[in-house]
Amino acid sequence: MKKIEAIIKPFKLEEVKDALSDLGLEGMTVSEVKGFGRQKGHTEIYRGSEYTVDFLPKIKVEVVIPDDLVEKASAAIVAAARTGKIGDGKVFIYPVDEAIRIRTDETGDKAV
Amino acid sequence: MKKIEAIIKPFKLEEVKDALSDLGLEGMTVSEVKGFGRQKGHTEIYRGSEYTVDFLPKIKVEVVIPDDLVEKASAAIVAAARTGKIGDGKVFIYPVDEAIRIRTDETGDKAV
Amino acid sequence: MKKIEAIIKPFKLEEVKDALSDLGLEGMTVSEVKGFGRQKGHTEIYRGSEYTVDFLPKIKVEVVIPDDLVEKASAAIVAAARTGKIGDGKVFIYPVDEAIRIRTDETGDKAV
Amino acid sequence: MVGVRLVLLLIAVISASLLCTSSVSAQAAAPTPPAATLEQRVTDLEQYFQNASVGGPTGTTWTSKIAGVPGPGDNAWLIVASALVLFMTLPGLGLFYGGLVRQKNVLSVLAQCLSIAGLVIIIWWAVGYSLAFGTSFTADRTHPTLLGSILGGTDYFFLKGITGAPNTDYSYWVSQNIFSMFQLMFAIITPALIVGAVAERMKFSAVLLFVTLWMFIVYLPMAHMVWGITGMMNGVWNATASIKAIDFAGGTVVHMSSGWSALILCMMLGKRLGFGKEHMAPHSMVLCMVGTGMLWVGWYGFNAGSALAADGIAANAFVTTTLAAGVASFVWAMLEYIIRKKPSVLGFCSGAVAGLVVITPACGFVTPNSAVIIGILAGVIPFIFVMKLKGIFGYDDALDTFGVHAVGGTLGALVTGIFASVDANANLATNLKDIVGKTLWLEQLKAIGVTLMLSIVGTIIIASIVKAVIGLRASPEVETEGLDLAEHGEEGYIMDHRS
Amino acid sequence: MVGVRLVLLLIAVISASLLCTSSVSAQAAAPTPPAATLEQRVTDLEQYFQNASVGGPTGTTWTSKIAGVPGPGDNAWLIVASALVLFMTLPGLGLFYGGLVRQKNVLSVLAQCLSIAGLVIIIWWAVGYSLAFGTSFTADRTHPTLLGSILGGTDYFFLKGITGAPNTDYSYWVSQNIFSMFQLMFAIITPALIVGAVAERMKFSAVLLFVTLWMFIVYLPMAHMVWGITGMMNGVWNATASIKAIDFAGGTVVHMSSGWSALILCMMLGKRLGFGKEHMAPHSMVLCMVGTGMLWVGWYGFNAGSALAADGIAANAFVTTTLAAGVASFVWAMLEYIIRKKPSVLGFCSGAVAGLVVITPACGFVTPNSAVIIGILAGVIPFIFVMKLKGIFGYDDALDTFGVHAVGGTLGALVTGIFASVDANANLATNLKDIVGKTLWLEQLKAIGVTLMLSIVGTIIIASIVKAVIGLRASPEVETEGLDLAEHGEEGYIMDHRS
Amino acid sequence: MVGVRLVLLLIAVISASLLCTSSVSAQAAAPTPPAATLEQRVTDLEQYFQNASVGGPTGTTWTSKIAGVPGPGDNAWLIVASALVLFMTLPGLGLFYGGLVRQKNVLSVLAQCLSIAGLVIIIWWAVGYSLAFGTSFTADRTHPTLLGSILGGTDYFFLKGITGAPNTDYSYWVSQNIFSMFQLMFAIITPALIVGAVAERMKFSAVLLFVTLWMFIVYLPMAHMVWGITGMMNGVWNATASIKAIDFAGGTVVHMSSGWSALILCMMLGKRLGFGKEHMAPHSMVLCMVGTGMLWVGWYGFNAGSALAADGIAANAFVTTTLAAGVASFVWAMLEYIIRKKPSVLGFCSGAVAGLVVITPACGFVTPNSAVIIGILAGVIPFIFVMKLKGIFGYDDALDTFGVHAVGGTLGALVTGIFASVDANANLATNLKDIVGKTLWLEQLKAIGVTLMLSIVGTIIIASIVKAVIGLRASPEVETEGLDLAEHGEEGYIMDHRS
Ligand SMILES: Nc1ncnc2c1ncn2[C@@H]1O[C@H](COP(=O)(O)OP(=O)(O)O)[C@@H](O)[C@H]1O
Ligand SMILES: Nc1ncnc2c1ncn2[C@@H]1O[C@H](COP(=O)(O)OP(=O)(O)O)[C@@H](O)[C@H]1O
Ligand SMILES: Nc1ncnc2c1ncn2[C@@H]1O[C@H](COP(=O)(O)OP(=O)(O)O)[C@@H](O)[C@H]1O
C-alpha cells in the first residue's frame, strides 16, 4: 500500500476528486495547507504597513491505495490538477505499512 | 518507529486522546481535515442554489511511537473511535526514519 | 528522498522558513495543527463553566528533500525552532518513494 | 407538520380579518363640548410640554383644536424607541445568544429569533394587541371583572380603529398606532429570550408551537394585567387594580415571565448531549459583545421609551438605565478579577445585561442614586447565581436565561418596590401615594407571586402539550451534527479555501 | 486610470462650487404680509401639530413668528431617519450582501458600498439634490415643461441656499438641509443595491464609472419625476403631473430602478466563472442576518421617515412596514418548510427584505390590514421568482437583486395602486381623490412602464459605454484569486495561528 | 491588586453619595416674577421653535407656564443622540479597533472598551459631571477664578439636583439629566480612543488605572475649559473666557486630547514584540468596516447632537458631517488608487473616520461648502501622516490613534477658526462677532497649545505613575500568547470541528 499525497491549487479539488472517483477510488482525505515555492505570493498593505504573503492557499489530498493503483492514480491526479502555470503543486508517494478500517477492523487493501 | 495516523469523527477526539494517554502516550498532533468516502454528505440550499457537500469534517490524529507500541496503540484508537456507523474512519501506519525533539536534540524513541 | 515534518511553535515559522531558504530549499508546505504533549495547556472560563484546553496551536512544516540534504535541513530546522522551553516540538523524518511536479511531470529530486 | 398548520392558521386569520374589519361598529356619539377659547387653545398647546391632556383635565371640557393628533416630539421618540426595541432582537439578541452557542448551532438561534418575530407580529396584529391593551372585556371600569382584569378585549382585533390618534388611556401625545408597535416589540423579544435556555437542542417546530401557545397563555395575560388600563396589577394607572404593583418597562412582564418559563422548559427538555463533558465554549465572544452593545443601546428605547413621551421621566429612565448597566457590568467583571484574576468580556457583557434587566421595572420610578445601588446588586446577585448556584442545581440553562433574566427580573421587581419614589416620578402620587415608600414592596411581592405562578404552571402545561403533540427535542443525530445543517440546511460560516 | 480622472473631476467641481456660491443671486422680494395677530400666532403653533402651513393656508396671509424655523419634533425625527437610512447601507447592506458572497470577495462588496457612499455624496452636494428637487427648470408651475418634469433645476447646485428653514414644497416643518440629507441617503443605497447582482466579478473601476453615469441618467430623473414637486409622476403633490402615480418611499425610484438595472447589467456582464459548477454558498449567513436586522431597523427611517414628519402617517407607515416585513419573512420560510422541510435563515431574511421592498411604495398610503395582504404577496411572489424562475432563465443575478428588488418593487408599485386609501392618508384626497381606489392602478402601471424603460435603456447605454471605455469585468485570474486581494490588496479575515 | 482597590473605591464613593444627597442645601428663593399674560404664554410657546428662553429674554421677566419642562422634540433628539454616541463605543469603536488587531487580541480591545464604559459611568455619576459642568468653583461669573475656569464645581456631585428640568446654562429645552448623559457618552469614548495606540501590549490593569487618572487630570479639565459655562476656552458662551476658542463637538476635548495622549503613551510603552518583522495585519477587515459604519452613524449623535436641540444648526451639522466624511473617505481611497493601484476598504474607513474627526469641532459652525474643503484636507493630511511620516518616526501607534485623531483633531481645531461663519451659526455673533472670520484662528491656536500641553504633560505624569505602581506592559509571554487568553481567559473565536 502507498499513500499518494498531492498538493494542488484549491480550485482544482473538484476535478481531482472526480478523476480519482473515475478510477474507482472512493475515499480520500483533504486538508487546507499553505504552500511556499516558486509561485510568487502577493502583497497586502494596511495603511502604512506592507506585508508580503509568501504562503499561498493550497489543498492537500491524501489517498491511501493498493500498490497496483499507484501509477494510474498519480497520473490521474497530475492530469486533473495541471494548469501549466507555476504553483500547480506536487505529488508525493509514501510507503504505508498498514491500514485499518475503524468500523470493521478490516486491514490492508480491503480497508481503503 | 512508526507513525499512526487516524482519521476519526470529530466528536471522538477526546476519547481517542484518553485512550492513548492510558497507554502512556503523552504526545500527539491533531488537525482538521475533510473526508470523502462512503459516508454520505449533506445538501445545503441557499435560495435557488443547491450544493451537495461530500466532504465531511474529520479529525486527523498523528502519533509517532516506538515499534513495539504500534499494535496496542492502533487497537486502542480503533476501539475508542468506533461507533459502528459508516464514516468511522481509518488508521494508517507509516514507517518513520527518525524523530528529533527540537528542545533537546534527543533522537529516536526518546524523542517521542 | 525524504520528507522532513517539523511540528513547531507558530511564531517560529518565519525563522524556520528562512533557515530552509538559506539552504536553498525553495519549497515547503505548512499547515495549522494542534499539539498535545508535555507543554501545559490553558484554562478558559465562561461564566460558571471551566474548560481545559490541552491542545495548543502548532505549525506543521513539511518539506520533501533529496537524501543528502536531510541532515543539514533537520539541523537547520531544529536550530531555528528552538526556544529551549517545553513545547518546542519535534522533527520527524519519513521515507518518500517518489515525487512528481504536477506542472512538468518531472519526478524525483528534480521535482522538489 | 407544524409549518403547514401554521400557514393554514395564517390564512384563516386573514380571512377572518377581512370579515371583521368590514363590520366596523358605529360608536355612540358623545355630546360635543364647546369650541376652545383662545386661552384654552393656548392651554392645550402648553399641555404638550406637560405631557398632559388637551380639552381640559378629562379632555371633555372643551373641544381642542389639536385633539386626535400626536405631539411630534413624543411621536418621534416613540417611533425611534420602537425601532430600537426591534433592534434589540434583530440582530441584538440574535448575536448575543448566537455568539454564545457552538458554531454548529449559531444559525438555529438566529432562525428562532427571526421566526418568533414573524410569528408574534402576526399574532399581535390579529388579536394580541387587543387582548393586551383593549378594554372590551371590562364593561364598566369602576366594576372590574375577572376576565377584564386578566385580558383586554376584542375591540382592537386586527388593529381595528388603531390610527394616528393617541389612545389617552396610555398616552396623551403618542399615536396609538406607534404605541401598538412599541408594545409589539416587547412581545417579540420576550419569547425570544427563552431561546437562550433551550439552545442547541430544542426542535425548531417545537419552538414555534411553544411560543405560539405561550403568547396566549403567559404573555398576553401578563401584559394586560400589568400594563393594560384595566389590568389587575396596573397599580400606577388603574385605580381599581387589585394588586397595586408597578413595573415601568417589564421586570415581571418581560424578564420574569421569560426567565422562569425558560427554567421550566430547559428542565423539561433535559441537558444537551455531552453537557459537563464536552467543551461548549462560546464560538464567538466577538458576536456576543456586539450583541451586548446593541442590547444596551436598544434598551434605551425599551426603558426610556416606556415613559411614552420624550419628557423628563424618559430622560431620568435613560440615566438610571445607564448607571445600572455600567455599574453592574463593572462590578461583575471586577468580581471575576478578584476571584479568578481574569476579568472577561463575557463578564462585562453579563453584568451589563444583568444591570439592564434589574433596572427595567425600576428605571422610570427611581432616582439615579438608587440606580447605582441597584446596579451593584445586579452585578452581585446574578453573578453568584450564574457562577455558583447553577452548578449546584445542575440543570442546563444553556445561555443563562434563568440566571440573568429570571433572577434579575425578580430582584428588579422587588427593589422597585423599595426604591420607587415620588421625587423620581410624580405619577406615583396619583393612585399609590399611600403606599409608595411604605408597603409597595408587598404589592410587588404579590405581583412576583402571580407572575411566578403563571409562568411556571403555564410553561408546564404548554411544554407538556408540545411534547405530546410533536416532541420537544431534536434527535441525538441532529443535535450532534448541529441544528444549523440538520434543521435549516445551512452553515453559519463557510471559510474554506475552495469557496 | 479612472481613479485619477475622478479625483480631477472632484477638484474641478470644488473650484466651480467656490465660484458659484460667491454669486448668490438676489431673490425678488415679495410684499410682506401683515404681522400675525395673537390668534394667528396660536393658529401657527397649532399647525405644527397638524403638520400644516404657518402664515395661513398658503403661508402668505400673515407673517408668522415661527416661519422659517423647523418644528423640533419633526426635525428630530428626520435627523434620526436620515441616520437610519445611512445605517441601511453602512454597514447594513454591506453585511447583507457581504455575507452572501464567497469569503474571497467580501471586502469587494464593502468597498463598493463605501465608494458609492462617497461618490454619491459628492454628486449630491454638487448637483444631485438640485437636479432632483430643484425647480428652476420649471419657470411656471402651471405650465410644466418637458425638462422641468424630468429634472429639477440648477437652483440648488452646491446646496446653495439650503439652510435650516423648511422648503414648504416638500415639508412644512422639516429643515431643508436635513431633507436634502434624507434624500441623499436614498440616493446612496439605490446604486448600492445594484452591486448585489454583479458581485464577485465586476471590476471596481467599472462599478465607479457605471454608478456615476447611472446617477445622472437613471436615478436623478427618477427621483425628480416621482418626488420632485414639478415631477411628471408626482401624483400626490403635483397637480399638473402627467402620470398621477404615487410612491411613498421608493418602489419605483429605489427598488425598480436598481433591480431592473441590475438585471440588465448582470446579463451584460455574464456569469461568474464556475457558475453552476462550483460551490458559491454564502460565506457567512451570520453576517447576512446581521445585515438583515440592520436593514429592517433602518427601513423605518426609510419608510416612516418618508412622511417627512413625526405624525400619524409616519406612525402608520411604521405599522405597515412592520406587518409586511414580519408576514413576508414568516411566509417565505414557511414555504421553504413545506417544500423542502428546512426553513432557513436565508429564507427568513429574504422574506423580510422582500416584504420591506414591496411595502415601500405603499407604506404611507395603505391600512395595516392591506399591509398584511401585501406581506403575504411579498412572501410568495419573489419566492417563486428566486427559487424557480431564476433557474429557468439562467442569468447570474448573484445575490438576487432582481428577484427581490425588481420583482418586489414592481409588485409593490402595482399593489400600491390597488390598496391606497384616503382612510390611511388624507393627502390622497388633494389631487387624486377621483382616482384613488379606482383607476390609480393604471397610473401605477404607466409609472412602472416609464421606470422600466428608463432603467433598461439607460443601463444598456451606460454599461455599453463602460465596457467600451474601461471594460466591465475583472480578469479571470483576478476573479479566481478573489477581488479582495487582487483589487483591494486586503483579506477579509486573517485567522491563522501566526498572526 | 488594582481590581480590589477599585471595588473598594466604589463602595466608598457610594457611601459618600448617600451622605451627600441627604444633605440637600436649601436654595435661596429668588423673588417670583408675575404670571405670564396670554401673549407671554404664546411667546413662550414660540420660543420653543426658536430654541430660546421662556419667561422673557433672561427667563425672569414673567413666570412661564412651561418653565422647568423640556421641549419634547429637542429632548427626543438628545435622548437618541446620547444612545447613538454610546453606540459609537459599544460596539462601534470596539469593532473598528477590534477588527484591526490580530485575532489573539481582539477580546482585549473589547474588554478595554467595556471596562472604560463602566469606569467612566461611575466617575461621571460621582464627580465627573459636576467637575466638568458644575459652576460652584466660580462664585461670581463676572469675576472668573483660575480654579473655576479649569474645573466646574462640586454642586452636581452624585448628580445632585439633576432632573428633567433644563439647565439653561447649556440648553433651554433639553432636560439636564439627558444633557448629563449625552456628555457622559463623550467622556466614555474619549479615553477609549487611546486604546488604539497601545493595543496588543498594554496590561489591562494598567489601562484601568491610566484611564482613571487621565479622566481627572486631562479629560475633566478639558471638558470644563471648552464647554463648561465658566470654562476659560468657551468662547461661544462664556463672555469672560480668556481664550475665545470654539469647538462644536470635541476637536480639542475629544480627539486632540486622546490622540496626543495616545502618542505619548505608546512611546512610553514601547513597540509591540516583533513590530516591523512579524505580520500584524488586521484580523478582520469586515469587523473594522462594520465598526466604521457604526461610528459614522453614531457620529450624527455626536455632532448634530452637540447643537443640543433639533434645530437648523443640528441639521446643518448633519450636512457638514456627511459631506466631510464622504469626501474624506473617497479622497483617501482615491489617493491609494493613484499611488498603489489598490483602493482598500481600510482606506475608505480611515478616510471616513478622518473626515469625521476633522469636521467635529467645525460641524455646527461652518457651511456645507466649507465642509467639502475640510473633507478634502481630512482625506489628504492624515493620509500623508499615517502612510509616510509614521514610518519615518518609527513609533508604534498600533491602530493610528495619533495619525487620525491627534492629527485630525488638531487640523480640525485650526480650520474651524478659519471657516467658522455667522451665516452657519448665529450664536457666533453673540460673544465672538469681532473675531469670527478674522483672528479666531489665533484663539484656536491658543486652545490647541493648551490642549497639547495638558495632554502631553498629563500623560507623561500619569503613565510614569502607572509604570511605577503596577507597570504598563504585559509580559512578553502574555503578549506572545495573546492578551485574550492570558488576561481575560477567553478566546475570540472557537471555530474548530470539535465544538
Ligand atoms: N520540497 C517541497 N516539499 C513539500 N512541499 C513542496 C515542496 N516544494 C513545493 N512544495 C509545495 O508545492 C507547491 C507548489 O510549488 P511551486 O514551487 O510554487 O510550484 P511548482 O509545483 O509549479 O514548481 C508549494 O506551494 C508547496 O506547497
Ligand atoms: N483511501 C483513503 N485514503 C485516505 N483517506 C481515506 C480513504 N478512504 C477513506 N478515507 C477517510 O476515511 C473517512 C471515512 O471513510 P468512509 O468510507 O466514509 O467510512 P468508513 O471508514 O466507515 O468506511 C473518509 O471521510 C476519509 O477521510
Ligand atoms: N509522539 C508524538 N507524535 C506526534 N506528535 C507529537 C508527539 N509528541 C509530541 N508531539 C507534538 O510535539 C509538540 C510538542 O511536544 P511537547 O511534549 O509539548 O514538548 P517537547 O517537544 O518540548 O517535548 C506537541 O504539541 C505535539 O504537537
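Residues numbered from 1 in each chain as written. Chains lettered and ligands numbered in written order. Predicted model: local features only at pLDDT ≥ 70, side-chain atom pairs only at ≥ 80, totals over all residues. Heavy atoms only, no water.

Q: Please provide a residue-by-residue account of the overall build of chain D, values included.
A: Summing up its helical and strand segments, chain D has 17 helices and zero strands in all. Relative to its length of 499 residues, chain D is compact, with a C-alpha radius of gyration of 23 Å against a globular reference of 23 Å. Viewed in the frame of its principal axes, chain D has a C-alpha envelope of about 75 × 55 × 45 Å. Buried residues in chain D amount to 71% of all 499 residues. Carbon and sulfur atoms make up 67% of the accessible area of chain D, which amounts to about 13800 Å² in all. (Helix = DSSP H or I, 4+ residues; strand = E, 2+ residues; numbered from the N terminus. Rg over C-alpha atoms; globule rule 2.2 N^0.38 Å. Buried < 20%, exposed > 50% of the residue type's maximum accessible area, 1.4 Å probe, protein only. Areas by Shrake-Rupley, 256 points an atom, 1.4 Å probe, with all protein chains shown as cover.)

Q: Any chance you could break down the overall build of chain A for me, citing the residues and the numbers?
A: The number of helices and strands found in chain A is two helices and seven strands. When its helices and strands are written in sequence order, chain A yields β-α-β-β-β-β-α-β-β. Expected size for 112 residues packed as a compact globule is a radius of gyration near 13 Å; at 17 Å, chain A overshoots this value by more than 25%. With respect to the three principal axes, the spread of C-alpha positions in chain A is 60 × 30 × 20 Å. Out of the 112 residues belonging to chain A, those deemed buried represent 58%. For chain A, long-range pairs separated by at least 24 residues make up 72% of all intrachain contacts whose partners lie at least 6 apart in sequence. (Contact = heavy atoms within 4.5 Å.)

Q: Residues and numbers for unusual backbone geometry, please.
A: The omega torsion across Leu90 of chain D and Pro91 of chain D is 5 degrees, close enough to zero to call that bond cis. Its identity as a non-glycine residue notwithstanding, Leu308 of chain D has a phi of 55 degrees, on the positive side. Tracing the backbone through its elements, the reader meets Leu308 of chain D in the loop between helix H9 (285–305) and helix H10 (312–340). By relative accessible area, Leu308 of chain D is classed as buried at 12%. The backbone phi angle of Phe158 of chain F is positive, close to 55 degrees, even though this residue is not glycine. With respect to the secondary-structure elements, Phe158 of chain F resides in the loop between helix H5 (146–150) and helix H6 (176–198).

Q: Run through the relation of the copies chain D and chain F, naming residues and quoting values.
A: In screw terms, the move from chain D to chain F is a rotation of 120 degrees and a rise of 0.0 Å along the axis, fitting with an RMSD of 0.0 Å. The transformation relating the two chain copies, once decomposed into turn and shift, fits a three-fold axis. For chain D, the residue whose C-alpha comes nearest the rotation axis is Gly73 of chain D, separated from it by 2.1 Å. Looking at the interface residues of chain D, only 15% of them are also at the interface in chain F, so each copy uses its own face. (Least-squares fit on C-alpha atoms with pLDDT ≥ 70 in both.)

Q: Report on the interface of chain D and chain F, specifying residues and quantitative values.
A: Each side of the interface is counted separately: chain D has 61 residues, and chain F has 73 residues. Both faces considered, chain D and chain F share a buried interface measuring about 5600 Å² in area, 78% of it formed by carbon and sulfur atoms. Linking chain D with chain F are two salt bridges. Residue Glu46 of chain D pairs with Arg41 of chain F through a salt bridge whose shortest N-O separation is 2.7 Å. At the junction of chain D and chain F, the tally comes to 13 residue pairs in polar contact (both at pLDDT 80 or more). For the side of chain D that touches chain F, the leading source of residues is H10 of chain D, giving 15 residues. (Buried area = accessible area lost by both parts, 1.4 Å probe. Salt bridge = Lys/Arg side-chain N within 4 Å of Asp/Glu carboxyl O. Polar contact = N/O pair within 3.5 Å; in protein donor to acceptor, adjacent residues only side chain to side chain.)

Q: Break down the site of ligand 3 for me, with residues and values.
A: Taken together, 22 residues lie around ligand 3, and Thr29, Arg101 and Arg103 of chain B together with Arg38 and Gly87 of chain C are the ones closest in. Residues within reach of ligand 3 are spread across chains B and C. Arg38 of chain C has a polar backbone atom sitting 2.7 Å from an oxygen atom of ligand 3. Between ligand 3 and the protein, one listed contact pairs an oxygen atom with a backbone N or O atom of Gly89 of chain C at 3.2 Å. When isolated, ligand 3 has an accessible area of 550 Å², and the protein chains bury 98% of it. Looking at the shell around ligand 3 element by element, the count peaks at three residues for strand E5 (residues 56–65) of chain B. Of the residues contributing to the shell around ligand 3, the split by class is eight nonpolar, seven polar and seven charged. (Near = heavy atom within 4 Å. Nonpolar A, V, L, I, M, F, W, Y, C, P; charged D, E, K, R; others polar.)

Q: Before we move on, can you summarise the pattern of salt bridges with the specific residues and values?
A: One side chain can pair with another of opposite charge once the charged atoms of both are near each other. Counting across every chain of the model gives 73 salt bridges over all chains. In this structure, the salt-bridge partner of Glu15 of chain A is Lys12 of chain A, at a minimum N-O distance of 3.3 Å. In this structure, Glu336 of chain D engages Arg340 of chain D in a salt bridge whose closest nitrogen and oxygen atoms are separated by 3.7 Å. Of this pair, Glu336 of chain D and Arg340 of chain D both sit in helix H10, four residues apart, roughly one helical turn. Using a relative accessible area of 1% as the deciding quantity, one classes Glu336 of chain D as buried. The partly exposed category is assigned to Arg340 of chain D, whose relative accessible area is 22%. In this structure, a network of salt bridges that share partners links the residues Lys3, Glu5, Lys60 and Glu62 of chain A, Lys3, Glu5, Lys60 and Glu62 of chain B together with Lys3, Glu5, Lys60 and Glu62 of chain C.

Q: Can you lay out the packing of aromatic side chains for me, pointing to particular residues and giving the numbers?
A: Taken as a whole, this structure holds 99 aromatic pairs over all chains when the rule is applied. Geometrically, the ring pair formed by Tyr129 of chain D and Phe133 of chain D is stacked, given 5.6 Å between the ring centres and 25 degrees between the ring planes. Remark: Phe133 of chain D and Tyr129 of chain D occur in helix H4 (residues 106–133); sequence separation between them is four residues, near one turn of the helix. Looking at Tyr129 of chain D, the relative accessible area reads 0%, which means it is buried. The structure contains a cluster of three or more aromatic residues connected by ring pairs, namely Tyr48, Phe49 and Trp173 of chain D, Tyr48, Phe49 and Trp173 of chain E together with Tyr48, Phe49 and Trp173 of chain F. It is Lys3 of chain A that lies over the ring of Tyr94 of chain A; its NZ or CZ is 5.5 Å from the centre. (Phe/Tyr/Trp six-rings, centres within 6.5 Å; stacked < 30°, edge-to-face > 60°. Lys NZ or Arg CZ within 6 Å of the ring centre and 35° of its normal.)

Q: Break down the site of ligand 1 for me, with residues and values.
A: Around ligand 1 sit 22 residues, and of these Arg38 and Gly87 of chain A together with Thr29, Arg101 and Arg103 of chain C come closest. The residues that come close to ligand 1 belong to more than one chain, namely chains A and C. In this structure, Thr29 of chain C approaches ligand 1 through a side-chain N or O atom, which is 2.8 Å from an oxygen atom. Isolated, ligand 1 exposes 540 Å² of accessible area, and the fraction of that covered by the protein chains is 97%. Breaking the shell around ligand 1 down by element, the ones donating at least two residues are strand E2 (28–36) and strand E6 (90–95) of chain A together with strand E2 (28–36) and strand E5 (56–65) of chain C. Looking at the shell around ligand 1, the element that brings in the most residues is E5 of chain C, giving three residues.

Q: Explain the packing of helix H6 (residues 176–198) of chain D against H9 of chain D to me, and be specific about the residues and the numbers.
A: All names here are of chain D. In contact at an axis separation of 11 Å, H6 and H9 are set at 130 degrees when each is read in the N-to-C sense. Taken together, the axis directions place H6 and H9 in an arrangement best described as oblique. Crossing angle aside, the handedness with which H6 passes H9 is left-handed. Along the contact surface, H6 presents Phe182, Phe186 and Ile189, while H9 presents Leu295, Gly301, Phe302 and Gly305. (Axes fitted to C-alpha atoms, helices over the stretch in contact; angles between N-to-C directions. Parallel < 35°, antiparallel > 145°, perpendicular 65-115°, else oblique. Left-handed = near helix turned anticlockwise from the far one by under 90°.)

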